[in-house]
Amino acid sequence: MINFNAGPAALPFEVKLKIQQDLLDYEKSGCSVLELPHRGTLIQELITKTSDLLQSLMNLPDHYQILWMQGGGRLQFHTLPLNFLTAAQKAGYIISGHWSKQAYLEALKLGDASIISSSEALNYQSLPSLDNLTKAMDHNSTQWAYLHYCSNNTIYGTQFNEFKSFENVPLVADMSSDILSRDIDYSQFDLIYAAAQKNLGIAGITMVAVKEEFLNQAANHLPDILSYKSYSRTNSTVNTPAVFAILTTFRMLEWLHRKGMDYVFQENLYKAQMIYQFLDRSLLFEAIADEGSRSFTTVCFRLKNRSLQQTEEVLTYLQKEELLFLAGHRTIGGFRAGMYNAISIAEVEHLVQTLDHYEKSYFLL
Ligand code: PMP
């Protein structure tokens, strides 16, 4: 079975095998990883080595810290403004889809948040224009706490390649659905967060990579459980951490390290080109996102005739070929392929060939 779900996403077979062993006996301790004390050496070392490996795979310099928090991507929508948006400041949001809109709405509950650009009126089929960013942010009297992007829009299949910023305004990104998927300079950001259940492992943890200079500006008198500084001080052990989710991320990162990030990036490029090339020449299917905005991680497509009944028929046809969870998000319909790192070139080839077979048999009827 091939799992194209947008998240929770496919895990590599080797990773599943390894965590199966860890469940019975972690690092020859004689105990399951689920039973070990979280303040003991083995688990504290696990957290440190997971952070170190991620920092090195992201090519982030030493003045960044990696934190492991809970509450998913959604809690970050609240935690970010809670830590960084003061009464004298505004937070800027680029609205490119449902998730960035949710992030903005959460910030509004806590302070002054402002929409810098939005593509809501285009049904998020394109990325919002960044042409007027300077004009939108250039008010002498405004102090900006940060500018927030969602790098990959999981529902609509659009993805930013460029992250325009405004001078001296900290840059923040929700990378929940494309972290570690492509060659990008992570050090242009002051803070990145990503829920783990797509490219980093399973639900239960959210990675935060934060520049120390920015972290120092975070509020001090917050509940510990919501304070970035508390996570930094305690090696992400403010309370009992989600150890199994951290372990899964560690095994995923080891797997990526063995493959080599450059190789992974090339594979992802190849996978995306293969499917978009098919969609662009198809007489039956079409990509949903506008060409300049297309995501290389999340490919959303539909039937040109938009028939709901035929969409169901195609999904059934795909399922018979063991191609699973390809229905588009319920708000836009059609199809969606989450092509995360664990999805191989051969699996995408199988998807493209099956769509092609369906199309050929349809036109022969
Ligand atoms: N951000 C993005 C880009 C997402 O795709 C999602 C969920 N798919 C979220 C945030 C919310 O994540 P969670 O369900 O972990 O709260």
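Going by the structure above, here's the rest.
Quick caveat: nothing in here was measured; it's all calculated off a predicted structure.

Asker: Outline the overall build of the protein chain, supporting the account with residue identities and numerical values.
Answerer: Scanning the protein chain for helices and strands turns up 11 helices and 14 strands. Taking 2.2 N^0.38 as the reference for a compact globule, 365 residues should give roughly 21 Å; the C-alpha atoms of the protein chain span a radius of gyration of 21 Å, in line with that estimate. Taken over the C-alpha atoms alone, the protein chain extends approximately 70 × 60 × 30 Å along its principal axes. Looking at the protein chain as a whole, 56% of its 365 residues are labelled buried. If you sum the accessible surface of the protein chain, you get close to 16300 Å²; carbon and sulfur atoms cover 50% of it. Positive and negative side-chain charges of the protein chain, numbering 29 and 38 respectively, have mean locations separated by a distance of 4 Å.

Asker: Break down the site of the ligand for me, citing the residues and quoting the values.
Answerer: Among the 13 residues in the neighbourhood of the ligand, the closest are listed as Arg74, Thr154, Asp174, Gln197 and Lys198. Between the ligand and the protein, one listed contact pairs an oxygen atom with a backbone N or O atom of Arg74 at 2.9 Å. At a separation of 2.5 Å, an oxygen atom of the ligand approaches a polar side-chain atom of Thr154. Considering the ligand on its own, with 400 Å² of exposed area, one finds that the protein chains cover 84% of that surface. A per-element tally of the shell around the ligand places helix 3 (residues 72-84) first, with 4 residues. Grouping the amino acids of the shell around the ligand by side-chain chemistry returns 4 nonpolar, 6 polar and 3 charged.

Asker: With reference to specific residues and values, describe the nonpolar core.
Answerer: Note on soluble globular proteins: their nonpolar side chains tend to be buried together. Formed by 58 residues in total, the largest nonpolar core has its most connected members in Met58, Ile179, Leu180 and Met207. By residue number, the principal contributor to this core is helix 8 (residues 243-259), which donates 9 residues. Beyond its immediate sequence surroundings of up to four residues, Met207 is in contact with Leu54, Met58, Leu67, Trp68, Ile179, Ile192, Tyr193, Ala194 and Leu200. Within the second largest apolar cluster, 30 residues are counted, among which are Phe278, Leu284, Met339 and Leu351.

Asker: Provide a residue-level description of the sheet that holds strand 12 (residues 298-303), including the pertinent values.
Answerer: Taken in spatial order, the 3 strands of this open sheet run 11-12-14, and their pairing is antiparallel. At either end of the open sheet lies a strand with only one pairing partner, and these are strand 11 (285-287) and strand 14 (335-338). Across the sheet, the axes of successive neighbouring strands diverge by a mean angle of 30 degrees, strand direction being ignored.

Asker: Could you give an account of helix 1 (residues 13-24), with specific residues and numbers?
Answerer: End to end, helix 1 covers 17 Å across 12 residues, agreeing with the expected 16 Å (1.5 Å per residue, within 8%). Within helix 1, burial applies to Val15, Ile19 and Asp22. Down the axis of helix 1, the buried side of the element spans an arc of 50 degrees, and every buried residue falls inside it. In this structure, helix 1 carries Phe13 and Leu24 as exposed residues pointing more than 90 degrees from its buried face. Of the surrounding elements, those touching the buried residues of helix 1 are helix 8.

Asker: Could you give me a rundown of the pattern of salt bridges, with the residues and numbers involved?
Answerer: Applying the stated criterion to the full structure yields 11 salt bridges. Among the ionic pairs, Glu267 bridges to Lys259, the shortest N-O distance being 3.0 Å. Assessed through its relative accessible area of 28%, Lys259 is described here as partly exposed. For Arg302, the salt bridge is made with Glu286, and the minimal N-O distance between the two is 2.9 Å. Of this pair, Arg302 sits in strand 12 while Glu286 sits in strand 11, and the two are 16 residues apart along the sequence. Classification of Arg302 by relative accessible area gives buried; the value is 15%. Among the charged side chains, a network of salt bridges with common partners joins Asp22, Glu27, Arg251 and Glu254.

Asker: So, helix 2 (residues 41-57): which residues are in play, and what are the values?
Answerer: Under the 1.5 Å per step criterion, the end-to-end length of helix 2 is 24 Å for 17 residues, consistent within 8% with the ideal 24 Å. Among all positions in helix 2, only Ile43, Gln44, Leu46, Ile47, Thr50, Ser51, Leu53, Leu54, Gln55 and Leu57 are buried. Among the structural elements, strand 2 (64-69), strand 10 (206-211), helix 8 and helix 9 (261-281) are those in contact with the buried residues of helix 2. Just beyond helix 2, the residue with positive phi is Asn59, at close to 55 degrees.

Asker: So, the side chain of Ser117: which residues are in play, and what are the values?
Answerer: The topology assignment puts Ser117 in strand 4 (residues 112-118). A polar contact is formed between the side chain of Ser117 and the backbone oxygen of Ser129, at a distance of 2.7 Å. Discounting residues that sit within four places of it in the chain, Ser117 has contacts with Tyr93, Ile94, Ile95, Pro128 and Ser129.

Asker: Any chance you could break down the pairing of strand 2 for me, citing the residues and the numbers?
Answerer: With 5 of its 6 residues buried, strand 2 lies for the most part within the structure. Pairing between strand 2 and strand 10: 6 bridges, direction antiparallel. Paired with Leu67 across the strands is Val208, a residue of strand 10.

Asker: Would you mind going over the environment of Thr354 in detail, with residue names and values included?
Answerer: By secondary structure assignment, the location of Thr354 is in helix 11 (residues 345-364). Taking the C-alpha atoms as reference points, Thr354 and Glu35, 319 residues apart in sequence, are found 44 Å from one another. Every residue in contact with Thr354, bar those within four places of it in the chain, is listed here: Tyr317, Leu318, Glu321 and Leu323.

Cut-offs and rules
Residues numbered from 1 in each chain as written. Predicted model: local features only at pLDDT ≥ 70, side-chain atom pairs only at ≥ 80, totals over all residues. Heavy atoms only, no water. Helix = DSSP H or I, 4+ residues; strand = E, 2+ residues; numbered from the N terminus. Rg over C-alpha atoms; globule rule 2.2 N^0.38 Å. Buried < 20%, exposed > 50% of the residue type's maximum accessible area, 1.4 Å probe, protein only. Areas by Shrake-Rupley, 256 points an atom, 1.4 Å probe, with all protein chains shown as cover. Lys, Arg positive; Asp, Glu negative; His and termini not counted. Charge placed at Lys NZ, Arg CZ, Asp CG, Glu CD. Near = heavy atom within 4 Å. Polar contact = N/O pair within 3.5 Å; in protein donor to acceptor, adjacent residues only side chain to side chain. Nonpolar A, V, L, I, M, F, W, Y, C, P; charged D, E, K, R; others polar. Core = buried A, V, L, I, M, F, W, Y, C linked by side-chain atoms within 4.5 Å. Contact = heavy atoms within 4.5 Å. Pairing = 2+ DSSP bridges. Axes fitted to C-alpha atoms, helices over the stretch in contact; angles between N-to-C directions. Expected span 1.5 Å × (residues − 1). Arc of directions from axis to C-beta. Salt bridge = Lys/Arg side-chain N within 4 Å of Asp/Glu carboxyl O.

Keep in mind these values describe shape, not function.
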